[in-house]
Number of protein chains: 2
Amino acid sequence: MEEIKIIELKESVFADNDAEAEKLRQSLKKRGTFLINMMSSPGAGKTSTLKALIPKLAQNHSVSVMEADIDGAIDADEIQEETGAHAVQLHTGGMCHLDAGMTEQGIDSLGDTPSDIVFLENVGNLVCPAEFDTGAAINAVILSVPEGDDKPLKYPLMFEKADVVILNKCDVLPYFDFDLDTFKKYLRDRNDSCDLIQISAKTGDGTDELAAWIERAYETWRA
Amino acid sequence: MEEIKIIELKESVFADNDAEAEKLRQSLKKRGTFLINMMSSPGAGKTSTLKALIPKLAQNHSVSVMEADIDGAIDADEIQEETGAHAVQLHTGGMCHLDAGMTEQGIDSLGDTPSDIVFLENVGNLVCPAEFDTGAAINAVILSVPEGDDKPLKYPLMFEKADVVILNKCDVLPYFDFDLDTFKKYLRDRNDSCDLIQISAKTGDGTDELAAWIERAYETWRA
């Protein structure tokens, strides 16, 4: 198994992150790389969702993963070992989010043969990553059942920025006081256009639907 | 029931947060207020831990709570309604953490009769709050079982800054792949002096021990 490359990201030098993000988005479009920015709290299940998704997407597409963390490399290790997808580990040097410049460094580290689909697993943080456009085509936000149904109320921007909200760990709904209707109400107060997909990365429930959603988004983006 | 006061915090003007935090810590010491800064990811159970703790602590002490959120007031509402403790809601104006200046605005909003023990429920975020000294006497970090055993590896500073780490939601250990030994190893790699207390805020398990820990810390601080 190929050893995981660890990239120590440098702080971005760009004053205008939005402009830099737009430039990156256009360059990714030109080279045919569909970048998905996955955001969530720590431990909501970004990595396990990717492990469930990648084998489905890899049937028709090449897939790579950029794992951003403050420290450690176990996510990239796991992804590469368990799915075979090419994965790099990005270290943020303590930073709480990725911006477009940092994302670009990650993309560059993937090498010259870009994949059809690249996942950026952002730093686990339900606040700051929402403030920085990474240049991705799609923002996917994962919330997990144990975190509670009130999160769209308390963390508005993250849910406002979502193209799709993935409600993960639905297998443990019986063990938590999570009211789906309350959650949906708070979510729709923040964002009435995003899609909502319920999954359990652990049992696999809903991951076919999620993979189909991503395939459709990819096809729409390519068209 | 007294209506919840919502304080819209102003951005701090202090260049040197550490100095401001030290000043606040000394002023709180002088007036006999033991400030506990509670930090965690979103949904790890800060509010439910407080709801379990306050009735125990309130037998011997006056207790107040400052609930910091980007938006909403349901935490402060819940605390005040269910425990009777005086609670204020702090709105951070989108900010991902509290610094000493913002904490001081919260303290001021509690009024002239300070409680023995004041809890600051920081913004749910396992990254940024660790970077800002709030002036608290104690940093308590809550991690919940569903977040996973690898969090001290990935979020180093938060665990380095902890005086006590509270492992919450231990009632659902059977339903999650959370290895206690792995967690303890990662935690000790970051911090070999903090205490570790396992609880379930939901069932109440371990909350007597946690209340006793806080009482001891309070007595040590007063001495």
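Below is a short write-up of the structure. Since this is a predicted model, take the numbers as computed values, not measurements. (Residues numbered from 1 in each chain as written. Chains lettered and ligands numbered in written order. Predicted model: local features only at pLDDT ≥ 70, side-chain atom pairs only at ≥ 80, totals over all residues. Heavy atoms only, no water.)

## Description of the nonpolar core
In this structure, Met 66, Leu 90 and Phe 159 of chain A together with Met 66, Leu 90 and Phe 159 of chain B are the most contacted members of the largest nonpolar core, which totals 80 residues. For Met 66 of chain A, the residues in contact, after removing those within four places along its chain, are Leu 35, Val 88, Leu 90, Thr 103, Gly 106, Ile 107, Leu 110, Val 118, Phe 119, Leu 120 and Glu 121 of chain A. (Core = buried A, V, L, I, M, F, W, Y, C linked by side-chain atoms within 4.5 Å. Buried < 20%, exposed > 50% of the residue type's maximum accessible area, 1.4 Å probe, protein only. Contact = heavy atoms within 4.5 Å.)

## Examining helix α4 (residues 100-109) of chain B
Given 3.6 residues to a turn, an α-helix orients residues that are three or four positions apart in the same direction. Residues and elements named next belong to chain B. Most of α4 is tucked away, with seven of its 10 residues classed as buried. Within α4 the residues assigned to the buried category are Ala 100, Gly 101, Met 102, Thr 103, Gly 106, Ile 107 and Ser 109. For α4, the elements touching its buried residues are β1 (5-8), α1 (17-31), β2 (34-40), β3 (63-69), β4 (86-91) and β5 (117-121). The backbone nitrogen of Gly 101 has a side-chain oxygen 3.2 Å away, supplied by the residue at the start of α4, namely Asp 99. Gly 111 occupies a position one or two residues after α4 and carries a positive phi of about 95°. (Helix = DSSP H or I, 4+ residues; strand = E, 2+ residues; numbered from the N terminus. Polar contact = N/O pair within 3.5 Å; in protein donor to acceptor, adjacent residues only side chain to side chain.)

## Notes on the pattern of salt bridges
Per the stated rule, a full pass over the model turns up 24 salt bridges over all chains. Across the salt bridge formed by Arg 25 of chain B and Asp 133 of chain B, the nearest N and O atoms sit 2.8 Å from each other. Of this pair, Arg 25 of chain B sits in helix α1 while Asp 133 of chain B is found in the loop between β5 and β6 (138-144), placing the two residues 108 residues apart along the sequence. Lys 151 of chain B serves as the salt-bridge partner of Asp 150 of chain B, at 2.5 Å between the closest nitrogen and oxygen. Linked through salt bridges whose partners overlap, the residues forming this network are Asp 75 of chain A together with Asp 150, Lys 151 and Lys 154 of chain B. (Salt bridge = Lys/Arg side-chain N within 4 Å of Asp/Glu carboxyl O.)

## Let's talk about empty space enclosed by the protein
Enumeration according to the criterion identifies three cavities of 30 Å³ or more in this entry. The computed volume of the largest cavity comes to approximately 60 Å³. Every residue lining the largest cavity is counted, 13 residues in all, and those nearest its centre are Ser 144 and Glu 147 of chain A together with Ser 144, Pro 146 and Glu 147 of chain B. (1 Å grid on protein atoms, 1.4 Å probe; cavity = no way out; pocket = protein on both sides within 12 Å on 5 of 7 lines; lining within 4 Å. Points joined across faces, edges and corners; volume = space filled by probe spheres on them.)

## As for the relation of the copies chain B and chain A
Under the fitted operation, chain B is carried onto chain A by 0.0 Å of movement along the axis and a turn of 180°, and the coordinates agree to an RMSD of 0.0 Å. Expressed as a symmetry operation, the mapping of one chain copy onto the other fits a two-fold axis. Most of the interface of chain B is mirrored in chain A, where 100% of its interface residues are also at the interface. (Least-squares fit on C-alpha atoms with pLDDT ≥ 70 in both.)

## Thoughts on the sheet that holds β5 of chain B
Backbone-to-backbone hydrogen bonds join strands into a sheet, with any given pair of strands oriented parallel or antiparallel. Residue and element names in this part refer to chain B. Strand order across the open sheet formed by eight strands is β1-β4-β3-β5-β2-β6-β7-β8, with parallel pairing between neighbours. Each of the sheet's edge strands pairs with one partner strand only, and the pair in question is β1 and β8 (195-198). Adjacent strand axes in the sheet meet at a mean angle of 25°, parallel and antiparallel pairs treated alike. Its contacts with the sheet place helix α2 (residues 46-57) against β2, β3, β5, β6 and β7 (164-168), and it is angled at close to 175° to β5. (Pairing = 2+ DSSP bridges. Axes fitted to C-alpha atoms, helices over the stretch in contact; angles between N-to-C directions.)

## Remarks on the pairing of strand β5 (residues 117-121) of chain A
All names here are of chain A. The buried count for β5 comes to five of five residues, which makes it a mostly enclosed element. Taken together, the five bridges between strand β2 (residues 34-40) and β5 define a ladder with parallel strand orientation. Considered in β5, the bridge of Leu 35 is made with Val 118.

## A short note on helix α3 (residues 74-83) of chain A
Taken as a whole, α3 of chain A has its buried residues at Asp 75, Ala 76, Ile 79, Gln 80 and Thr 83 of chain A. The buried residues of α3 of chain A occupy an angular sector of 125° when the element is viewed end-on, so they sit on one face. The outward face of α3 of chain A, more than 90 degrees from its buried face, is lined by the exposed residues Glu 81 and Glu 82 of chain A. Tucked into the core, α3 of chain A has its buried residues touching α2 (46-57), β3 (63-69), β4 (86-91) and β5 of chain A together with α5 (151-154) of chain B. Following α3 of chain A by one or two positions, Gly 84 of chain A has its phi on the positive side, about 80°. (Arc of directions from axis to C-beta.)

## Overview of the sheet that holds strand β8 (residues 195-198) of chain A
Residue and element names in this part refer to chain A. Spatial ordering of the open sheet is given by β1-β4-β3-β5-β2-β6-β7-β8, a layout of eight strands whose pairing is parallel. Single-partner strands in this sheet number two, and they are β1 (5-8) and β8. In this sheet, adjacent strand axes meet at a mean angle of 20° when their direction is disregarded. Bridge analysis of β1 against β4 gives four bridges, and the strand direction is parallel. Counted as the bridge partner of Ile 6 is Gln 89 from β4.

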